[in-house]
Amino acid sequence: MTQDRNISNSNFRIEESLQLSKDEVQLWRVDLEAIGGEESTWRQALSSDELARAGRFHFARDRQRFMACRAMLRKILAAYLNADAKELRFAYSKKEKPSLVIPAGHDIAFNVAHSSSVALLAFTRGRNIGVDVEQLRRDFDPDAIAKRFFSEYERKQLAALPPEEQVEAFFRCWTRKEAYMKATGEGLSLPLTQFDVSLATGEKNALLATRPDPNEAQGWSLQEIPSGPGFVAALCVQGRDWKLSLSLGDLEHR
Ligand SMILES: CC(C)(COP(=O)(O)OP(=O)(O)OC[C@H]1O[C@@H](n2cnc3c(N)ncnc32)[C@H](O)[C@@H]1OP(=O)(O)O)[C@@H](O)C(=O)NCCC(=O)NCCS
(Lines give C-alpha, C1' and ligand atoms only; values in the text may rest on other atoms or scores of the structure.)
Protein backbone atom coordinates (compact mmCIF):
# COMPACT_ATOMS: atom_id res chain seq x y z
CA MET A 1 0.00 0.00 0.00
CA THR A 2 1.63 3.21 -1.10
CA GLN A 3 -0.71 5.78 0.37
CA ASP A 4 -3.19 5.88 3.20
CA ARG A 5 -6.71 6.56 2.06
CA ASN A 6 -9.64 7.45 4.22
CA ILE A 7 -12.12 4.72 3.42
CA SER A 8 -14.55 3.07 5.74
CA ASN A 9 -16.97 0.20 5.46
CA SER A 10 -19.32 1.53 8.10
CA ASN A 11 -20.27 4.86 6.57
CA PHE A 12 -18.55 4.53 3.18
CA ARG A 13 -16.17 7.46 3.33
CA ILE A 14 -13.60 8.09 0.66
CA GLU A 15 -11.52 11.24 0.79
CA GLU A 16 -13.24 13.86 -1.30
CA SER A 17 -10.17 14.51 -3.39
CA LEU A 18 -7.71 11.89 -4.67
CA GLN A 19 -4.65 12.31 -6.86
CA LEU A 20 -3.89 10.11 -9.87
CA SER A 21 -0.75 10.99 -11.79
CA LYS A 22 -0.14 10.39 -15.49
CA ASP A 23 2.22 7.44 -15.13
CA GLU A 24 0.26 5.73 -12.37
CA VAL A 25 -2.21 2.87 -12.19
CA GLN A 26 -4.18 2.73 -8.96
CA LEU A 27 -5.81 -0.52 -7.99
CA TRP A 28 -8.58 -0.76 -5.42
CA ARG A 29 -9.70 -4.06 -3.95
CA VAL A 30 -13.09 -4.06 -2.32
CA ASP A 31 -14.84 -6.74 -0.30
CA LEU A 32 -18.40 -6.33 -1.60
CA GLU A 33 -19.74 -8.63 1.11
CA ALA A 34 -18.41 -6.31 3.81
CA ILE A 35 -19.99 -3.21 2.31
CA GLY A 36 -22.86 -4.63 0.23
CA GLY A 37 -25.50 -4.38 2.94
CA GLU A 38 -25.68 -0.60 2.81
CA GLU A 39 -28.13 -0.63 -0.05
CA SER A 40 -29.82 2.66 0.72
CA THR A 41 -26.42 4.40 0.75
CA TRP A 42 -25.41 2.93 -2.61
CA ARG A 43 -28.77 3.69 -4.15
CA GLN A 44 -28.23 7.42 -3.67
CA ALA A 45 -25.14 7.40 -5.87
CA LEU A 46 -26.58 5.48 -8.84
CA SER A 47 -28.25 6.66 -12.05
CA SER A 48 -31.72 5.54 -13.13
CA ASP A 49 -30.34 3.01 -15.65
CA GLU A 50 -28.08 1.53 -12.97
CA LEU A 51 -30.99 1.29 -10.57
CA ALA A 52 -33.04 -0.40 -13.30
CA ARG A 53 -30.23 -2.90 -13.87
CA ALA A 54 -29.98 -3.49 -10.12
CA GLY A 55 -33.69 -4.22 -10.07
CA ARG A 56 -33.29 -7.03 -12.61
CA PHE A 57 -31.06 -9.18 -10.38
CA HIS A 58 -32.90 -12.22 -9.08
CA PHE A 59 -31.00 -12.52 -5.80
CA ALA A 60 -30.65 -9.71 -3.26
CA ARG A 61 -26.99 -10.57 -2.73
CA ASP A 62 -26.18 -10.06 -6.43
CA ARG A 63 -28.14 -6.80 -6.49
CA GLN A 64 -26.29 -5.51 -3.44
CA ARG A 65 -22.90 -6.46 -4.83
CA PHE A 66 -23.63 -4.73 -8.14
CA MET A 67 -24.84 -1.59 -6.41
CA ALA A 68 -21.91 -1.52 -4.00
CA CYS A 69 -19.43 -1.95 -6.84
CA ARG A 70 -21.01 0.75 -9.03
CA ALA A 71 -21.33 3.19 -6.17
CA MET A 72 -17.72 2.58 -5.21
CA LEU A 73 -16.65 3.16 -8.82
CA ARG A 74 -18.57 6.43 -8.89
CA LYS A 75 -17.19 7.61 -5.55
CA ILE A 76 -13.59 6.95 -6.54
CA LEU A 77 -13.97 8.58 -9.97
CA ALA A 78 -15.67 11.57 -8.35
CA ALA A 79 -12.78 11.90 -5.91
CA TYR A 80 -10.21 11.90 -8.73
CA LEU A 81 -12.20 14.55 -10.61
CA ASN A 82 -13.50 16.61 -7.68
CA ALA A 83 -17.00 15.93 -8.99
CA ASP A 84 -20.29 14.73 -7.54
CA ALA A 85 -20.60 10.93 -7.79
CA LYS A 86 -24.27 11.12 -8.70
CA GLU A 87 -23.60 13.51 -11.61
CA LEU A 88 -21.18 11.21 -13.42
CA ARG A 89 -22.39 9.67 -16.69
CA PHE A 90 -21.03 6.54 -18.33
CA ALA A 91 -21.14 5.59 -22.01
CA TYR A 92 -20.82 2.02 -23.24
CA SER A 93 -18.92 0.78 -26.28
CA LYS A 94 -20.51 -1.68 -28.71
CA LYS A 95 -18.92 -4.42 -26.62
CA GLU A 96 -20.29 -2.88 -23.42
CA LYS A 97 -17.05 -1.47 -22.04
CA PRO A 98 -17.98 1.50 -19.86
CA SER A 99 -16.15 4.83 -19.98
CA LEU A 100 -16.77 8.12 -18.23
CA VAL A 101 -18.24 10.81 -20.51
CA ILE A 102 -19.53 13.35 -17.98
CA PRO A 103 -17.69 15.31 -16.79
CA ALA A 104 -15.94 15.76 -20.14
CA GLY A 105 -12.36 16.92 -20.69
CA HIS A 106 -10.58 14.38 -18.48
CA ASP A 107 -8.36 11.47 -19.48
CA ILE A 108 -9.21 9.00 -16.72
CA ALA A 109 -9.61 5.41 -17.86
CA PHE A 110 -10.83 2.61 -15.65
CA ASN A 111 -11.89 -1.00 -15.61
CA VAL A 112 -13.70 -3.14 -13.09
CA ALA A 113 -13.85 -6.87 -12.39
CA HIS A 114 -15.70 -8.86 -9.78
CA SER A 115 -15.81 -12.46 -8.68
CA SER A 116 -17.85 -13.63 -5.73
CA SER A 117 -17.43 -10.95 -3.08
CA VAL A 118 -14.23 -9.43 -4.44
CA ALA A 119 -14.16 -6.43 -6.75
CA LEU A 120 -11.06 -4.92 -8.32
CA LEU A 121 -11.23 -1.38 -9.67
CA ALA A 122 -8.28 -0.11 -11.71
CA PHE A 123 -7.71 3.52 -12.72
CA THR A 124 -5.19 5.33 -14.87
CA ARG A 125 -4.90 8.29 -17.25
CA GLY A 126 -4.79 8.25 -21.05
CA ARG A 127 -4.27 4.50 -21.45
CA ASN A 128 -6.45 1.53 -22.19
CA ILE A 129 -6.77 -0.69 -19.14
CA GLY A 130 -8.33 -4.04 -18.27
CA VAL A 131 -8.54 -6.06 -15.08
CA ASP A 132 -9.87 -9.50 -14.22
CA VAL A 133 -10.31 -11.49 -11.03
CA GLU A 134 -11.53 -15.04 -10.57
CA GLN A 135 -12.18 -17.10 -7.48
CA LEU A 136 -10.20 -20.34 -7.55
CA ARG A 137 -12.44 -23.36 -8.10
CA ARG A 138 -11.61 -27.01 -8.50
CA ASP A 139 -14.93 -28.40 -9.70
CA PHE A 140 -14.06 -28.52 -13.39
CA ASP A 141 -11.65 -30.10 -15.86
CA PRO A 142 -9.01 -27.46 -16.77
CA ASP A 143 -7.91 -29.41 -19.81
CA ALA A 144 -11.41 -29.54 -21.32
CA ILE A 145 -11.93 -25.78 -20.97
CA ALA A 146 -8.40 -25.02 -22.15
CA LYS A 147 -9.12 -26.95 -25.35
CA ARG A 148 -11.98 -24.58 -26.02
CA PHE A 149 -10.48 -21.22 -25.01
CA PHE A 150 -6.67 -21.36 -24.86
CA SER A 151 -4.10 -21.08 -27.64
CA GLU A 152 -1.96 -24.05 -28.63
CA TYR A 153 1.02 -22.62 -26.73
CA GLU A 154 -1.06 -22.15 -23.57
CA ARG A 155 -2.57 -25.63 -23.79
CA LYS A 156 0.89 -27.19 -24.07
CA GLN A 157 2.17 -25.18 -21.10
CA LEU A 158 -0.80 -26.28 -19.03
CA ALA A 159 -0.54 -29.94 -20.00
CA ALA A 160 3.18 -29.99 -19.09
CA LEU A 161 2.46 -29.08 -15.46
CA PRO A 162 1.91 -31.61 -12.67
CA PRO A 163 -1.86 -32.08 -12.06
CA GLU A 164 -1.75 -30.38 -8.65
CA GLU A 165 -0.45 -27.17 -10.27
CA GLN A 166 -2.87 -27.08 -13.16
CA VAL A 167 -5.85 -25.37 -11.57
CA GLU A 168 -3.94 -22.30 -10.43
CA ALA A 169 -2.09 -22.14 -13.74
CA PHE A 170 -5.42 -22.40 -15.54
CA PHE A 171 -6.75 -19.37 -13.66
CA ARG A 172 -3.53 -17.41 -14.22
CA CYS A 173 -4.00 -18.01 -17.94
CA TRP A 174 -7.72 -17.23 -17.89
CA THR A 175 -7.43 -13.96 -15.94
CA ARG A 176 -4.51 -12.77 -18.10
CA LYS A 177 -6.39 -13.49 -21.29
CA GLU A 178 -9.47 -11.76 -20.00
CA ALA A 179 -7.56 -8.71 -18.69
CA TYR A 180 -6.07 -8.24 -22.17
CA MET A 181 -9.46 -8.70 -23.84
CA LYS A 182 -10.96 -6.16 -21.46
CA ALA A 183 -8.10 -3.68 -21.99
CA THR A 184 -8.62 -3.76 -25.75
CA GLY A 185 -12.36 -3.44 -25.11
CA GLU A 186 -13.00 -6.23 -27.60
CA GLY A 187 -14.29 -8.69 -25.00
CA LEU A 188 -15.10 -12.08 -26.42
CA SER A 189 -15.01 -10.83 -30.00
CA LEU A 190 -11.20 -10.98 -29.80
CA PRO A 191 -10.26 -14.49 -30.96
CA LEU A 192 -8.76 -16.18 -27.91
CA THR A 193 -6.27 -18.19 -29.95
CA GLN A 194 -4.77 -15.07 -31.56
CA PHE A 195 -2.55 -14.33 -28.58
CA ASP A 196 -0.45 -16.24 -26.07
CA VAL A 197 -0.03 -15.41 -22.40
CA SER A 198 2.46 -16.81 -19.92
CA LEU A 199 1.16 -19.21 -17.28
CA ALA A 200 4.17 -18.64 -15.02
CA THR A 201 3.88 -16.79 -11.72
CA GLY A 202 5.47 -13.37 -11.28
CA GLU A 203 5.68 -12.63 -15.02
CA LYS A 204 5.86 -8.86 -15.62
CA ASN A 205 5.20 -9.00 -19.36
CA ALA A 206 2.83 -11.93 -19.63
CA LEU A 207 1.52 -11.07 -23.10
CA LEU A 208 4.01 -13.21 -24.98
CA ALA A 209 2.74 -13.16 -28.56
CA THR A 210 0.04 -11.54 -30.67
CA ARG A 211 -1.17 -12.52 -34.12
CA PRO A 212 -1.36 -11.42 -36.90
CA ASP A 213 0.64 -8.37 -35.69
CA PRO A 214 3.57 -9.55 -33.56
CA ASN A 215 4.39 -5.94 -32.54
CA GLU A 216 1.05 -5.55 -30.76
CA ALA A 217 2.39 -7.50 -27.76
CA GLN A 218 5.08 -4.86 -27.12
CA GLY A 219 2.44 -2.19 -26.62
CA TRP A 220 1.01 -3.67 -23.43
CA SER A 221 1.98 -4.65 -19.91
CA LEU A 222 0.16 -7.69 -18.62
CA GLN A 223 0.82 -8.99 -15.14
CA GLU A 224 -0.59 -10.90 -12.23
CA ILE A 225 -1.78 -8.71 -9.37
CA PRO A 226 -2.48 -9.58 -5.73
CA SER A 227 -6.13 -10.28 -5.03
CA GLY A 228 -6.19 -12.16 -1.73
CA PRO A 229 -6.29 -15.84 -0.75
CA GLY A 230 -8.44 -18.01 -3.01
CA PHE A 231 -8.44 -15.52 -5.89
CA VAL A 232 -6.30 -14.95 -8.98
CA ALA A 233 -6.19 -11.63 -10.81
CA ALA A 234 -4.46 -9.91 -13.72
CA LEU A 235 -4.03 -6.35 -14.94
CA CYS A 236 -3.36 -5.24 -18.52
CA VAL A 237 -2.33 -1.65 -19.29
CA GLN A 238 -1.35 0.05 -22.53
CA GLY A 239 2.35 0.95 -22.57
CA ARG A 240 5.08 0.01 -20.14
CA ASP A 241 6.01 3.37 -18.60
CA TRP A 242 3.70 3.31 -15.59
CA LYS A 243 3.80 2.21 -11.98
CA LEU A 244 1.25 0.40 -9.88
CA SER A 245 -0.16 1.67 -6.58
CA LEU A 246 -1.70 -1.27 -4.83
CA SER A 247 -4.74 -1.90 -2.74
CA LEU A 248 -5.64 1.67 -1.96
CA GLY A 249 -9.12 0.80 -0.86
CA ASP A 250 -8.50 -2.63 0.51
CA LEU A 251 -11.05 -2.90 3.25
CA GLU A 252 -9.83 -6.30 4.39
CA HIS A 253 -6.28 -5.24 5.06
CA ARG A 254 -6.81 -1.98 6.83
C1 LIG B 1 -16.62 -8.22 -20.05
C2 LIG B 1 -16.17 -9.65 -20.29
C3 LIG B 1 -14.89 -9.65 -21.07
C4 LIG B 1 -15.85 -10.26 -18.96
O5 LIG B 1 -16.96 -10.47 -18.16
P6 LIG B 1 -16.98 -11.23 -16.77
O7 LIG B 1 -15.76 -12.07 -16.57
O8 LIG B 1 -18.28 -11.87 -16.70
O9 LIG B 1 -16.96 -10.05 -15.70
P10 LIG B 1 -15.82 -9.20 -15.03
O11 LIG B 1 -16.11 -9.20 -13.59
O12 LIG B 1 -14.45 -9.58 -15.45
O13 LIG B 1 -16.06 -7.73 -15.62
C14 LIG B 1 -17.29 -7.09 -15.56
C15 LIG B 1 -17.06 -5.61 -15.75
O16 LIG B 1 -16.29 -5.37 -16.93
C17 LIG B 1 -16.71 -4.16 -17.55
N18 LIG B 1 -16.96 -4.50 -18.96
C19 LIG B 1 -18.11 -4.88 -19.56
N20 LIG B 1 -17.86 -5.13 -20.89
C21 LIG B 1 -16.56 -4.89 -21.10
C22 LIG B 1 -15.71 -4.96 -22.25
N23 LIG B 1 -16.16 -5.31 -23.46
N24 LIG B 1 -14.41 -4.66 -22.11
C25 LIG B 1 -13.93 -4.29 -20.91
N26 LIG B 1 -14.67 -4.21 -19.78
C27 LIG B 1 -15.97 -4.51 -19.88
C28 LIG B 1 -17.92 -3.64 -16.77
O29 LIG B 1 -17.46 -2.62 -15.93
C30 LIG B 1 -18.35 -4.84 -15.96
O31 LIG B 1 -18.82 -4.46 -14.70
P32 LIG B 1 -20.39 -4.47 -14.36
O33 LIG B 1 -20.88 -5.85 -14.71
O34 LIG B 1 -20.45 -4.19 -12.91
O35 LIG B 1 -20.99 -3.42 -15.23
C36 LIG B 1 -17.27 -10.34 -21.10
O37 LIG B 1 -17.07 -10.14 -22.45
C38 LIG B 1 -17.45 -11.80 -20.99
O39 LIG B 1 -18.54 -12.23 -20.99
N40 LIG B 1 -16.45 -12.67 -20.88
C41 LIG B 1 -16.70 -14.14 -20.79
C42 LIG B 1 -15.59 -14.84 -20.13
C43 LIG B 1 -14.75 -15.74 -21.06
O44 LIG B 1 -15.25 -16.58 -21.79
N45 LIG B 1 -13.44 -15.55 -21.00
C46 LIG B 1 -12.49 -16.35 -21.71
C47 LIG B 1 -11.11 -16.15 -21.07
S48 LIG B 1 -9.95 -17.37 -21.60
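Residues numbered from 1 in each chain as written. Predicted model: local features only at pLDDT ≥ 70, side-chain atom pairs only at ≥ 80, totals over all residues.

Some words on the sheet that holds strand β9 (residues 220–225)
Taking strand neighbours across the sheet as the criterion, the 3 strands line up as β6-β10-β9 in an open arrangement whose pairing is antiparallel. The sheet terminates laterally at β6 (129–135) and β9, the two strands that pair on one side only. Mean inter-strand twist for the sheet, computed between neighbouring axes without regard to direction, equals 15°. Across 6 bridges, the pairing between β9 and strand β10 (residues 231–238) is antiparallel. Of the residues in β10, the one forming a bridge with Ser221 is Val237. Most of the contacts of helix α7 (residues 163–184) go to β6, to which it runs at about 150°, and overall it touches β6, β9 and β10. (Pairing = 2+ DSSP bridges. Helix = DSSP H or I, 4+ residues; strand = E, 2+ residues; numbered from the N terminus. Axes fitted to C-alpha atoms, helices over the stretch in contact; angles between N-to-C directions. Contact = placed C-beta atoms within 7 Å.)

Some remarks on the site of the ligand
Near the ligand, the surroundings consist of 22 residues, among which Lys95, Glu96, Lys97, Lys182 and Gly187 are the closest. When contributions to the shell around the ligand are tallied by element, the ones reaching two or more residues are α4 (60–81), β4 (108–115), β6 and α7. Sorting elements by how many residues they give to the shell around the ligand places α7 first, with 5 residues. The class makeup of the residues in the shell around the ligand is 10 nonpolar, 5 polar and 7 charged. (Near = placed C-beta within 6 Å. Nonpolar A, V, L, I, M, F, W, Y, C, P; charged D, E, K, R; others polar.)

Digging into the nonpolar core
Side chains of a nonpolar character, in soluble globular proteins, are inclined to be buried together. Counting 59 residues, the largest nonpolar core has Leu120, Leu121, Ala122, Tyr180, Leu222, Leu235 and Cys236 as the members making the most contacts within it. If one sorts the elements of this core by residue count, α4 sits on top with 10 residues. Every residue in contact with Leu235, bar those within four places of it in the chain, is listed here: Leu27, Ala122, Val131, Ala179, Gln223 and Ile225. (Core = buried A, V, L, I, M, F, W, Y, C linked by C-beta atoms within 7 Å. Buried ≥ 20, exposed ≤ 12 C-beta atoms within 10 Å, placed from the backbone.)

What about the sheet that holds β4?
Taken together, 4 strands build an open sheet; the order of strands is β4-β5-β1-β11 and the sheet is mixed. Of all the strands in the sheet, just β4 and β11 (243–245) have a single pairing partner and so form its edges. On average, adjacent strands in this sheet sit at an angle of 20° to one another, irrespective of strand direction. The sheet contact formed by strand β1 (residues 24–31) and β11 spans 3 bridges and is parallel. Bridged to Val25 within β11 is Leu244.

Topic: the environment of Arg127
Positionally, Arg127 belongs in the loop between β5 (118–125) and β6. When the 18 C-beta atoms within 10 Å are taken as the criterion, Arg127 is described as partly exposed. Linking Arg127 and Tyr153, residues 26 residues apart in sequence, is a C-alpha distance of 28 Å.

A look at the pairing of β9
In terms of burial, β9 is a largely internal element, 5 of the 6 residues being buried. In sequence, β9 turns back onto β10 through a hairpin of 5 residues, with Gly228 there showing a positive phi of about 95°.

Comments concerning the pairing of strand β2 (residues 89–92)
On a regular strand, each side chain points to the face opposite its neighbour's, so the side chains alternate between the two faces of the sheet. As paired strands, β2 and strand β3 (residues 98–102) are joined by 4 bridges and run antiparallel to one another. Each bridged residue has a counterpart across the sheet, and for Ala91 the counterpart in β3 is Ser99. Taking the residues between adjacent antiparallel strands as the criterion, β2 and β3 are bridged by 5 residues, where Glu96 takes a positive phi near 80°.

Considering the environment of Lys177
Structurally, the position occupied by Lys177 is in helix α7. Not counting chain neighbours up to four residues away, the residues in contact with Lys177 comprise Leu192 and Val197.

Description of the environment of Ser47
Looking at where Ser47 falls in the secondary structure, it is placed in the loop between α2 (39–45) and α3 (48–55). In sequence terms Ser47 and Arg70 are 23 residues apart; their C-alpha atoms lie 9.8 Å from each other.

Quick notes on the packing of helix α5 (residues 142–149) against helix α6 (residues 152–159)
In helix packing, the relevant descriptors are the interaxial angle and the interaxial distance, both defined with respect to the helix axes. Following both chains from N to C, one finds α5 and α6 inclined at 165°, their axes separated by 9 Å at the closest point. As far as their axial angle goes, α6 and α5 are roughly antiparallel. Like other packed secondary-structure pairs, α5 and α6 cross with a definite hand, here left-handed. Contacts between α5 and α6 involve Pro142, Asp143, Ala146 and Lys147 on the former and, on the latter, Glu154, Arg155, Leu158 and Ala159. For the contact of α5 with α6, a count of residues per class yields 4 nonpolar, no polar and 4 charged. (Parallel < 35°, antiparallel > 145°, perpendicular 65-115°, else oblique. Left-handed = near helix turned anticlockwise from the far one by under 90°.)

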